[in-house]
Amino acid sequence: MRIFSGIQPTGKLHIGNYFGAIKQWVELQQMHECIFCIVDLHALTVPYDTKTLQESILEKAIIYLAAGVNPEKSIIFVQSQVKEHTELAWLLNTITPIGDLTRMTQYKEKSKKFKKNLNAGLLNYPILMASDILLYQTEIVPVGEDQKQHVELARTIARKFNQRFGEVFKIPEARLPKFGAKIMSLQNPKKKMSKTDLQDAQIGLFDEPEEIKAKIMKAVTDTGKIIKYNEKLKPGISNLLTIYSLFSEKTIKEIEKKFKGKGYADFKKSLSRLLIDSLEPFRRKKKELLTREVYVKEILNQGRNRAQIIAQSILQEVKKKMGLF
Ligand code: AMP
Ligand code: TRP
């Protein structure tokens, strides 16, 4: 099967992003043909810094690699380097009803947030995303809950095109993670861990040991002393147990048993150790890759060449069907 997913180049990744998205990618690449994209054109729809954009793109490529995406197996590339994405997006624009775009949750939220400076790119964002997906005859799109609606729209657009102009596109499907789909904030365990939240509320994938320890020791816990999972009554300790379980690959029951008769401080110390050790290979790999910029750029170049071959052939078919030659 062919898999396609993307993350915007802006912002710092946390363990929620890892378990919610990137870990799935690393697993899927064992069995499937995977294409992972750094979607820089999507990032232009909100305010950004032109001076640091290239740096952020390279850093995301390093992060994909450090987290286990294998460039020998998977294609990693930058969206703006394959111009077929924007060309297909225009063609799909002409068959997408405006009403389908204005009802998107993300558009509604962002148009409130950027009321003063509402650009057409924010409205058309899901068309570019549909074009990313459809350009590669994608079958599975691994994303978090928030992107499900956009993948649904990509399906609708694909069906509509096929009906009107003749069968070209495969109909893609979103895939959401099963366990760990929602890691909560360390400072407010009723809210999801978010890139835009306070640094103390999230564990970055590349945080240094001292930062990890300080954040875990400061994490909000609940009244009582027992280490027991109860999402409703003990959301803080339950979130920490989930994190413990995801990193140790032990069940919640096994962990509760291990900490029977012990207090929160002991549990937090052990969790800090586990996180520091588990994230060590990520830190090491990132440091190493930061000194190998030429190698990373070469991976992106090769990724672009491989992606372009697929994209060109599908776009050609689309244009033919639309009567463009
Ligand atoms: P974002 O941080 O919104 O750019 O999301 C990038 C990917 O990480 C998406 O597929 C999200 O669904 C996923 N993700 C973001 N936050 C979390 C979280 N707290 N727990 C699990 N997955 C998450
Ligand atoms: N819109 C997605 C997000 O913000 C990123 C994205 C762009 C994407 N194109 C995609 C994800 C294609 C999956 C497939 O998370």
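Residues numbered from 1 in each chain as written. Chains lettered and ligands numbered in written order. Predicted model: local features only at pLDDT ≥ 70, side-chain atom pairs only at ≥ 80, totals over all residues. Heavy atoms only, no water.

## With respect to the nonpolar core
So, step 1. Of all hydrophobic cores here, the largest spans 60 residues; its most connected members are Ile243 and Phe267.
So, step 2. Composition of this core by domain shows at least three residues from each of domain 1 (2-181 + 292-321) and domain 2 (206-287).
So, step 3. Among all residues touching isoleucine 243, those that are not within four sequence positions of it are Ile15, Ile183, Leu186, Leu271 and Leu275.
So, step 4. If you look at the next biggest cluster of nonpolar residues, it comprises 41 residues, including Leu101, Ile127, Val143 and Ile314. (Core = buried A, V, L, I, M, F, W, Y, C linked by side-chain atoms within 4.5 Å. Buried < 20%, exposed > 50% of the residue type's maximum accessible area, 1.4 Å probe, protein only. Domains from an automatic or database assignment. Contact = heavy atoms within 4.5 Å.)

## Some points on the packing of helix H3 (residues 53-66) against helix H13 (residues 293-321)
So, step 1. Relative orientation of the contacting elements H3 and H13 amounts to 85 degrees, with a least axis distance of 10 Å. Considering the angle they form, H3 stands roughly perpendicular to H13. Contact with H3, carried on its side by Leu58, Ala61, Ile62 and Leu65, involves Glu293, Val296, Lys297, Ile299 and Leu300 of H13 and no other residues of that element.
So, step 2. Classifying every residue of the contact of H3 with H13 gives 7 nonpolar, no polar and 2 charged. (Axes fitted to C-alpha atoms, helices over the stretch in contact; angles between N-to-C directions. Helix = DSSP H or I, 4+ residues; strand = E, 2+ residues; numbered from the N terminus. Parallel < 35°, antiparallel > 145°, perpendicular 65-115°, else oblique. Nonpolar A, V, L, I, M, F, W, Y, C, P; charged D, E, K, R; others polar.)

## Considerations on the packing of aromatic side chains
So, step 1. Considering all chains together, one arrives at 14 aromatic pairs under this definition.
So, step 2. Through a chain of ring-to-ring contacts, three or more aromatic side chains come together here, namely Tyr18, Phe19, Phe206, Phe247 and Phe282.
So, step 3. Above the ring of phenylalanine 206, the side-chain terminus of lysine 286 is found at 4.7 Å from the ring centroid.
So, step 4. A cation over a ring is seen here: arginine 292 above tyrosine 295, with NZ or CZ 4.1 Å from the ring centre. (Phe/Tyr/Trp six-rings, centres within 6.5 Å; stacked < 30°, edge-to-face > 60°. Lys NZ or Arg CZ within 6 Å of the ring centre and 35° of its normal.)

Note that every value here comes from positions in space, so none of it alone points to a role or purpose.
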